[in-house]
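# Coordinate inspection notes
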Amino acid sequence: MAENSEVRTRIAVVSLLVAAVVAGVVAFVQIGTTFLGWEPPKGAPPSFFLSPGPLLPASLILFALTRWRTLGSSKLFAAATLYQYLGALVLALAAHWLPSEDQVPRGFFSWLAVWILLFPLVIPRTPARNLVDSVACACFAPLVIVASGLWGSGALPGLDLVFGLTHAYFACALLGAGPAFLVQRLSQRAMREREERERLGSYRLVRPISEGGMGEVWIAEHQLLVRPAAVKLIRQESLSVEDADDREMVLRRFEREAQETASLSSPHTVTIYDFGRTNDGAFYCAMEYLPGLDLEDLVIAQGPLPSARVAHLLRQACDSLAEAHESGLVHRDVKPANLFVSRQGLEYDFLKVLDFGLVTSPEEEGRSDRLSGTGHVVGTPLCMSPEQIFNEKLDGRTDLYGLGCAAYWLLTGSYPFEGETAIAVLGAHARDAPEPPSQRVDHTLHPALEELVLRCMSKSREDRPASALELRELLDALPGLAPWTQAEAELAWSGHQPPELAPAEGKSRASTLLLPSRLSRSPGAHTETWSHVMRVADLEI
């Protein structure tokens with residue numbers, strides 16, 4: 001497939017180049033005949049100077065065929081071969097449609113000789129097929145010479161004249177087969193090496209969908225299974241850290257993310273397909289490709305969500321986090337950008353938790369060589385719990401704080417604490433009570449849901465729900481909150497917005513203060529964790 005694409009590009013370049021040269025030549029000789037009095041050679045037809053003209057429309061047609069992506073490679077190659085024959089005929093007419101006495105040997109420096117040498121390099125064919133096509137193109141020269149003699153004097157030109165005029169073309173046909181074969185072998189070898197570089201385990205990289213300072217995310221395809229995947233890739237050269245210990249810390253964190261995520265089986269946790277290391281030391285992780293939006297982009301696109309929809313999404317996040325917490329894992333970076341919603345089968349608004357890159361276990365929590373580094377705050381300031389800010393021991397309730405911040409974003413289109421700097425935001429998380437979500441919007445929120453979201457964001461962990469399972473039960477028990485139906489979800493995914501959430505005039509949907517740095521990406525792309533690292537000593541609280 002990749003080789004055919006490269007050949008398609010070569011054909012397109014050659015056809016455009018020939019069109020430009022022919023257009024230039026025709027324009028030049030027209031100027032000469034019009035203003036300088038040039039005349040065709042004696043016995044040549046009046047259209048002698050225009051004889052290369054048919055190559056111009058033919059070249060443009062061939063170029064158009066290369067842009068026609070649904071046209072099969074075999075049909076395109078057949079069209080290119082026909083173009084090769086037409087070009088040889090036109091160039092033979094331009095060089096040899098003359099009386100016998102005016103024929104001049106043009107040898108290896110004629111346009112026809114260049115044409116015969118060029119095409120075996122453009123279209124990949126077997127050496128035998130290249131030789132046949134090249135010899136066939138060279139045969140146009142003697143045929144034109146004979147036809148020109150019969151047309152002018154009615155007599156056949158001598159064999160020695162024909163041989164003297166055309167032997168160089170046949171030599172080009174023979175000589176061109178060898179270099180063409182060598183170039184094709186080298187091209188195929190380079191293609192195989194490139195495919196090897198782009199093959200990660202059983203996956204082949206197709207196209208990038210996001211890129212950050214430390215890694216890349218690619219669409220990939222499995223060599224055997226008809227299944228797309230998102231491959232997260234960290235190359236050695238892309239790591240900005242110079243210290244060997246810091247570099248090892250980053251790579252270990254990436255490796256752990258894949259291992260820990262793969263150990264989870266909740267349908268609401270992103271599925272890991274494969275993980276490994278390439279020959280050049282790059283780490284990769286192949287995971288399911290999710291066509292959809294993360295919750296940050298969802299609110300940016302649609303505005304604040306209805307209370308029933310928010311509760312529906314939170315329940316699914318609780319299912320994922322509950323399994324992780326039961327295994328002794330703490331996500332540490334729960335935020336809207338790491339909560340991804342898509343369509344799974346016939347079910348809309350199906351949520352998955354992404355990016356377990358900052359996950360910690362109880363064994364690691366007490367170690368002095370934690371992967372975040374001693375005395376550092378790691379996470380996203382907009383959704384960071386007070387205990388993270390002070391580098392205290394974490395548990396599952398830390399993730400509930402981040403989930404509360406995410407719920408706040410879903411209900412209001414803004415984060416609970418915003419500021420001009422990360423320090424200001426972290427300080428507010430550590431000391432200030434959040435403004436009730438109902439005061440940020442002009443529509444009615446479910447009061448019990450609002451109270452539960454604020455409870456999740458309590459400064460003290462003791463005041464939050466005890467676990468993700470308890471939070472799930474509290475969400476199920478919200479009084480008077482109608483369930484979010486699949487019909488409503490389908491309507492929302494169709495681009496319709498519930499009428500009760502129409503924005504008030506002049507009211508902004510989402511704050512632009514200190515939003516996380518985002519990767520350039522397309523909808524459906526996985527995102528790399530945006531981690532803000534600073535020393536606790538930098539905070540003034």
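That block above? That's the structure.
What you are looking at is a predicted structure, and each value in this text was computed from that prediction instead of being measured. (Residues numbered from 1 in each chain as written. Predicted model: local features only at pLDDT ≥ 70, side-chain atom pairs only at ≥ 80, totals over all residues. Heavy atoms only, no water.)

### Considering the nonpolar core
Rule in force here: For the purposes of this section, nonpolar cores are sets of buried Ala, Val, Leu, Ile, Met, Phe, Trp, Tyr and Cys residues that join through side-chain atoms within 4.5 Å. In this scheme, a residue with accessible area under 20% of its type's maximum is buried, one over 50% is exposed, and one in between is partly exposed, where area comes from a 1.4 Å probe on protein chains only. We call two residues in contact when some of their heavy atoms are within 4.5 Å.
In terms of nonpolar packing, the biggest core is built from 54 residues, with L403 and L475 touching the most fellow members. If sequence neighbours within four positions are ignored, L475 has contacts with A311, L314, R315, C318, L449 and L452. Of all hydrophobic cores here, the second largest spans 33 residues; its members include V26, F77, W115 and C137.

### With respect to helix α12 (residues 396–412)
In plain terms, the rule: By the criteria applied, helices consist of DSSP H or I runs no shorter than four residues and strands consist of E runs no shorter than two, each listed in order from the N terminus. By this rule the span expected of a helix is its residue count minus one, scaled by 1.5 Å.
Counted at 1.5 Å a residue, the expected span for α12 with its 17 residues is 24 Å, and the 25 Å between its end C-alpha atoms agrees. Of all 17 residues making up α12, 17 are buried, and the element is well covered by its neighbours. Phi turns positive one or two residues past the end of α12, at G413, with a value near 75 degrees.

### Some details on the pattern of salt bridges
Threshold: Definition used for salt bridges: Asp or Glu carboxyl oxygen within 4 Å of a side-chain nitrogen of Lys or Arg.
Counting across every chain of the model gives 18 salt bridges. Its salt-bridge partner being D476, residue R315 comes within 2.8 Å of it at the nearest N-O pair. A residue pair is termed long-range when its members are at least 10 positions apart, and R315 in helix α9 (residues 307–326) and D476 in helix α15 (residues 468–476) qualify at 161 residues. Its relative accessible area of 46% is what places D476 among the partly exposed residues. The closest approach of N and O atoms between D319 and R472, which form a salt bridge, is 2.8 Å. Of the two residues, D319 is situated in helix α9 and R472 in helix α15; the sequence distance between them amounts to 153 residues.

### Points about the sheet that holds strand β8 (residues 339–344)
The condition that has to hold: DSSP calls a pair of strands paired once it identifies at least 2 bridges connecting them. Helix axes are fitted to C-alpha atoms over the stretch in contact, other axes to C-alpha atoms as well, and angles between N-to-C directions run from 0 to 180 degrees.
Spatially, 3 strands are ordered β7-β8-β9 in an open sheet, and the strand pairing comes out antiparallel. Since the sheet does not close on itself, it has two edges, and those belong to β7 (292–294) and β9 (347–353), each with one partner. Strand-to-strand, the axes of this sheet are offset by a mean angle of 25 degrees, without reference to chain direction. Summarising the sheet, β7 and β8 pair through 3 bridges and their orientation is antiparallel. Bridge pairing in β8 places G292 opposite S342. Sitting on the sheet, helix α8 (residues 295–302) touches β7, β8 and β9, and the angle it makes with β7 is about 100 degrees.

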